[in-house]
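The residues making up each chain are set out below.
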Amino acid sequence: MEQNTLFEQLGGTYTQQGDYRLPNVKLPEQEDYEIGIWGQRRRQFLKQNHRVKYYNMLTKCTLCPHLAEVNEQAVRMEETLVSQLAVQEGVTEQLKAADMMAWTREMNSIRTRVREIIMTELICV
């Protein structure tokens, strides 16, 4: 006489794969979220440095909303900081018209610093 497992008593079913019986488990359907580059970086950071938190969020279906929110925050932060630093450092449209290479060099410097700030303040926490 075969004893039903708790999983079977709760309505769970199995599929036979060779010598093994694997439970038929499926995550609920989720919305599509815009993850973006910052969300992908956050996912990679969590997966490499906080495995338990990553897998808990994944199984609770909170990972994608979290990544989408982090991405949205990072994009807003990037836009705000780039514009503020450009004004603060005098990187203007006049500079762009007068010396395109200097403007490009300064904007690249600003964007690089802003990306480092976002990584340390928002992604890698």
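Nothing here was measured: the structure is a model prediction, and the numbers come from that model.

1. Digging into the overall build of the protein
And then number 1: Along the protein, the regular secondary structure elements total six helices and two strands.
And then number 2: The N-to-C order of helical and strand elements in the protein reads α-β-β-α-α-α-α-α.
And then number 3: The C-alpha radius of gyration of the protein comes to 24 Å, more than 25% above the 14 Å expected for a compact globule of 125 residues.
And then number 4: Considering only C-alpha atoms, the protein reaches an extent of 90 × 25 × 25 Å along its principal axes.
And then number 5: Counting every position in the protein, which comprises 125 residues, the buried fraction comes to 24%.
And then number 6: Summarising the internal contacts of the protein: among those between residues at least 6 apart in sequence, 58% fall at separations of at least 24.
And then number 7: Here the protein has roughly 9300 Å² of accessible surface; of this, 53% comes from carbon and sulfur atoms.
And then number 8: Within the protein, the 17 negative side-chain charges are centred at a point lying 4 Å from the centre of the 15 positive side-chain charges.

2. So, the packing of aromatic side chains
And then number 1: Enumeration according to the criterion identifies one aromatic pair in this entry.
And then number 2: Ring centres of Tyr54 and Tyr55 lie 4.9 Å apart, and the angle between their planes is 85°; this geometry places the pair in the edge-to-face category.
And then number 3: One residue, Arg21, lies across the ring of Tyr14, its end atom 4.4 Å from the ring centre.
And then number 4: Lying across the ring of Trp103, Lys96 places its NZ or CZ 4.6 Å from the centre.

3. Section: the environment of Glu34
And then number 1: Considering the arrangement of structural elements, one finds Glu34 in the loop between β2 (20-23) and α2 (36-49).
And then number 2: Considered as a pair, Glu34 and Glu72 are 38 residues apart in the sequence and their alpha carbons are 8.8 Å apart.
And then number 3: Other than its neighbours up to four places away in sequence, Glu34 contacts Ala68 and Asn71.

4. Details of the nonpolar core
And then number 1: In terms of nonpolar packing, the biggest core is built from 15 residues, with Val91, Met107, Ile110, Val114 and Ile118 touching the most fellow members.
And then number 2: Going through the elements one at a time, α4 (63-88) and α6 (100-123) are the ones with two or more residues in this core.
And then number 3: With near-sequence residues (within four places) excluded, Val91 lies in contact with Ala86, Trp103, Glu106, Met107 and Ile110.
And then number 4: By size, the runner-up hydrophobic cluster in this structure holds six residues, among which are Ile35, Leu46, Tyr54 and Met57.

5. Points about the environment of Thr59
And then number 1: Its location among the elements puts Thr59 in helix α3 (residues 51-59).
And then number 2: Residue classification places Thr59 among the exposed positions, given a relative accessible area of 52%.
And then number 3: It is 25 Å that separates the C-alpha atoms of Thr59 and Met119, two residues lying 60 residues apart in sequence.
And then number 4: At 3.2 Å, the side chain of Thr59 and the backbone oxygen of Asn56 are in polar contact.

Reading the values: the criteria
- Residues numbered from 1 in each chain as written.
- Predicted model: local features only at pLDDT ≥ 70, side-chain atom pairs only at ≥ 80, totals over all residues.
- Heavy atoms only, no water.
- Helix = DSSP H or I, 4+ residues; strand = E, 2+ residues; numbered from the N terminus.
- Rg over C-alpha atoms; globule rule 2.2 N^0.38 Å.
- Buried < 20%, exposed > 50% of the residue type's maximum accessible area, 1.4 Å probe, protein only.
- Contact = heavy atoms within 4.5 Å.
- Areas by Shrake-Rupley, 256 points an atom, 1.4 Å probe, with all protein chains shown as cover.
- Lys, Arg positive; Asp, Glu negative; His and termini not counted.
- Charge placed at Lys NZ, Arg CZ, Asp CG, Glu CD.
- Phe/Tyr/Trp six-rings, centres within 6.5 Å; stacked < 30°, edge-to-face > 60°.
- Lys NZ or Arg CZ within 6 Å of the ring centre and 35° of its normal.
- Core = buried A, V, L, I, M, F, W, Y, C linked by side-chain atoms within 4.5 Å.
- Polar contact = N/O pair within 3.5 Å; in protein donor to acceptor, adjacent residues only side chain to side chain.

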